[in-house]
Amino acid sequence: MLSDLNYDPATGIAPHKPLLLLVVCDLVEEGRLAGSILHRNGDLVFRFSSYWRIVAERRRTKPDPRLPFFHLRTERVWTPLEADGRPAEDRNRAVMGQMDVSFLLCLNDAGFRALARRTLIAKYFEPQERAELYSLVGLEIPPDDIVAADAIRFLPSEESAAKRDAKFSVRVLPAYDYTCALTRYRMIGVNGKTALDAAHIHQLTKGGSNHPTNGVALTKTAHWLFDHGFWSIAPDLRVLVAAARFDEAGEAAFLLKGMAGRDLLPPANKHFMPDQESLAWH
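Note that this is a predicted model, so its numbers are computed, not measured.

*Asks:* It is not clear to me how the overall build of the chain should be interpreted in this structure. Could you clarify?
*Replies:* Within the chain, the secondary structure is distributed over 10 helices and seven strands. Projecting the C-alpha coordinates of the chain onto the three principal axes gives extents of approximately 75 × 40 × 30 Å. When burial is assessed residue by residue, the chain has 44% of its 282 residues classed as buried. Contacts spanning at least 24 positions in sequence make up 60% of the contacts within the chain whose residues lie at least 6 apart.

*Asks:* Looking at this model, I keep getting lost on the sheet that holds strand β3 (residues 96–99). Mind explaining?
*Replies:* Taken in spatial order, the three strands line up as β1-β3-β2 in an open sheet, and their pairing is antiparallel. Unpaired on one side and paired on the other, β1 (37–39) and β2 (78–81) mark the two borders of the sheet. Neighbour-to-neighbour, the strand axes of this sheet turn through a mean angle of 25 degrees, independent of strand direction. Here three bridges tie β1 to β3, and the two strands are oriented antiparallel to one another. Its bridge partner lying in β3, H39 is registered against M96. The strands touched by helix α1 (residues 16–29) are β1, β2 and β3; relative to β2, the strand with the most contacts, the crossing angle is about 95 degrees.

*Asks:* Quick question: what am I supposed to make of the pattern of salt bridges here?
*Replies:* When their charged atoms lie close together, side chains carrying opposite charge are able to pair. If you walk through the whole model with that rule in mind, you get 20 salt bridges. Several salt bridges share partner residues, and in doing so they unite D26, E29, R113 and R117 into one network.

*Asks:* When you look at the nonpolar core in this model, what are you seeing that I'm missing?
*Replies:* In a soluble, globular protein the nonpolar side chains are often hidden away together inside. Formed by 41 residues in total, the largest nonpolar core has its most connected members in L19, L38, W78 and M99. Here the element with the most residues in this core is α1; it accounts for nine residues. Ignoring sequence-local partners within four residues, the contact set of L38 consists of V24, L27, L33, L44, F69, W78, V95, M96, G97 and M99. In terms of nonpolar packing, the next biggest core, distinct from the first, is built from 31 residues, Y176, C180, L182 and L256 among them.

*Asks:* Quick question: what am I supposed to make of the layout of surface pockets here?
*Replies:* Over the atoms, a rolled probe matching the size of one water molecule traces out where space is still vacant. In this model, the largest pocket occupies a volume close to 610 Å³. Looking at the largest pocket, it is lined by 26 residues, and the ones nearest its centre are I152, R153, S209, N210 and H211. Going through the elements one at a time, α7 (144–152), α8 (161–175) and α10 (276–281) are the ones with two or more residues in the lining of the largest pocket. Top contributing element to the lining of the largest pocket by residue count: α8, with four residues. Looking at the lining of the largest pocket residue by residue, the class counts come to nine nonpolar, nine polar and eight charged. Those elements giving two or more residues to the lining of the second largest pocket turn out to be α5 (110–124), α7 and α10. A total of four residues in the lining of the second largest pocket trace back to one element, the largest contributor, which is α5. Broken down by class, the residue content of the lining of the second largest pocket amounts to eight nonpolar, four polar and seven charged.

*Asks:* Where do I start with α7 in this structure?
*Replies:* Given 3.6 residues per helical turn, the α-helix brings residues three or four places apart onto the same face. By the burial criterion, the buried members of α7 are I146, V147, A149, D150 and A151. Structurally, α7 contributes buried residues whose contacts are with α5, α6 (127–136) and α8.

*Asks:* Looking at this model, I keep getting lost on the side chain of E82. Mind explaining?
*Replies:* Following the sequence through the fold, E82 ends up in the loop between β2 and β3. You can call E82 buried: its relative accessible area is 11%. If near-sequence neighbours (up to four positions away) are discounted, E82 is found in contact with P87, A88, E89, R93, V95 and M96.

*Asks:* I'm lost on the packing of α1 against α5 in this one. Help?
*Replies:* Geometrically, a packed helix pair is captured by the angle between its two axes and the distance between the axes. Where α1 meets α5, the axes come as close as 10 Å, and the angle between the chain directions of the two elements is 160 degrees. In terms of orientation, α1 and α5 fall into the roughly antiparallel class. Every pair of crossing elements has a handedness; the one defined by α1 and α5 is left-handed. Judged by residue contacts, P18, L21, L22, C25, D26, V28 and E29 of α1 engage R113, A116, R117, L120, I121 and Y124 from α5. Of the residues assigned to the contact of α1 with α5, the class counts are nine nonpolar, no polar and four charged.

*Asks:* Got a minute to help me understand the packing of aromatic side chains in this structure?
*Replies:* Each aromatic ring pair is specified by the distance between its two centres and by the angle formed by the two planes. All told, the structure shown has six aromatic pairs when counted by the stated rule. When the ring of W224 is compared with that of F230, the centres are 5.9 Å apart and the planes differ by 20 degrees; the resulting orientation is stacked. Among the residues examined, F230 registers a relative accessible area of 15% and is labelled buried. Ring pairs connect the aromatic residues W224, F230 and F246, which therefore count as one cluster. When the ring centre of F230 is taken as origin, the NZ or CZ atom of R245, which lies over that ring, is 4.7 Å away. Its guanidinium or amino end placed over the ring of F246, K257 lies 5.1 Å from that ring's centre, counting from NZ or CZ.

Rules behind the numbers
- Residues numbered from 1 in each chain as written.
- Predicted model: local features only at pLDDT ≥ 70, side-chain atom pairs only at ≥ 80, totals over all residues.
- Heavy atoms only, no water.
- Helix = DSSP H or I, 4+ residues; strand = E, 2+ residues; numbered from the N terminus.
- Buried < 20%, exposed > 50% of the residue type's maximum accessible area, 1.4 Å probe, protein only.
- Contact = heavy atoms within 4.5 Å.
- Pairing = 2+ DSSP bridges.
- Axes fitted to C-alpha atoms, helices over the stretch in contact; angles between N-to-C directions.
- Salt bridge = Lys/Arg side-chain N within 4 Å of Asp/Glu carboxyl O.
- Core = buried A, V, L, I, M, F, W, Y, C linked by side-chain atoms within 4.5 Å.
- 1 Å grid on protein atoms, 1.4 Å probe; cavity = no way out; pocket = protein on both sides within 12 Å on 5 of 7 lines; lining within 4 Å.
- Points joined across faces, edges and corners; volume = space filled by probe spheres on them.
- Nonpolar A, V, L, I, M, F, W, Y, C, P; charged D, E, K, R; others polar.
- Parallel < 35°, antiparallel > 145°, perpendicular 65-115°, else oblique.
- Left-handed = near helix turned anticlockwise from the far one by under 90°.
- Phe/Tyr/Trp six-rings, centres within 6.5 Å; stacked < 30°, edge-to-face > 60°.
- Lys NZ or Arg CZ within 6 Å of the ring centre and 35° of its normal.

Okay, here's the thing in structure tokens:
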């Protein structure tokens, strides 16, 4: 839902809803959301106005949190209520919000809040605004490749499979310097050909995404072994080998069983580090 907020395309991407959702992430993180009722009080208005300064150059109107507070009902994150608890039908009378239970549970998870902030900032704001917003919410400014991927991470893609694969590869393989994360074998031809694959950790056909943090550079053999579950990656990026599932023979340096427990080669830029949820799926 956060990836596909409703807005009027005729006026450009309005920042009202994403800014208010960033404020709500802050309130939850600081323990300022008591129970399941969100109050449109002075604290919320102050925070919204502070965030608004970042977008003031392109939105000359005064910051008015009543608009997104009421209209976020279309996303069903909360139900706007009047002071007596009845559903509000007017933005001026909407002073409370009854939070959707599933959304509230999500917000209480630190990993979800981080993804929510990254998605909102990447999708709905201009480049010069993003830098300030990343700083304001305590996130490092990611590379442009990661920002572009964050903006569409949870949206269905209308691109062809070939284009999706090309975008995925051009982000993942350079991040690992065309080096297999398992074997350390590096290869890039002068004609641009490489023997490495950009492997999905959470397989695309089983619900994985084309976000570069769901990828790892592997030789074709290592990729096949990975996809078929003969080895995996621990949360601390150690190599896990399902040794009881296979027999092998050959030179010791090439044997999979001998790689158990070694550290996976990390990407040079930590923003491309394998995503923990993808690792857990694998």
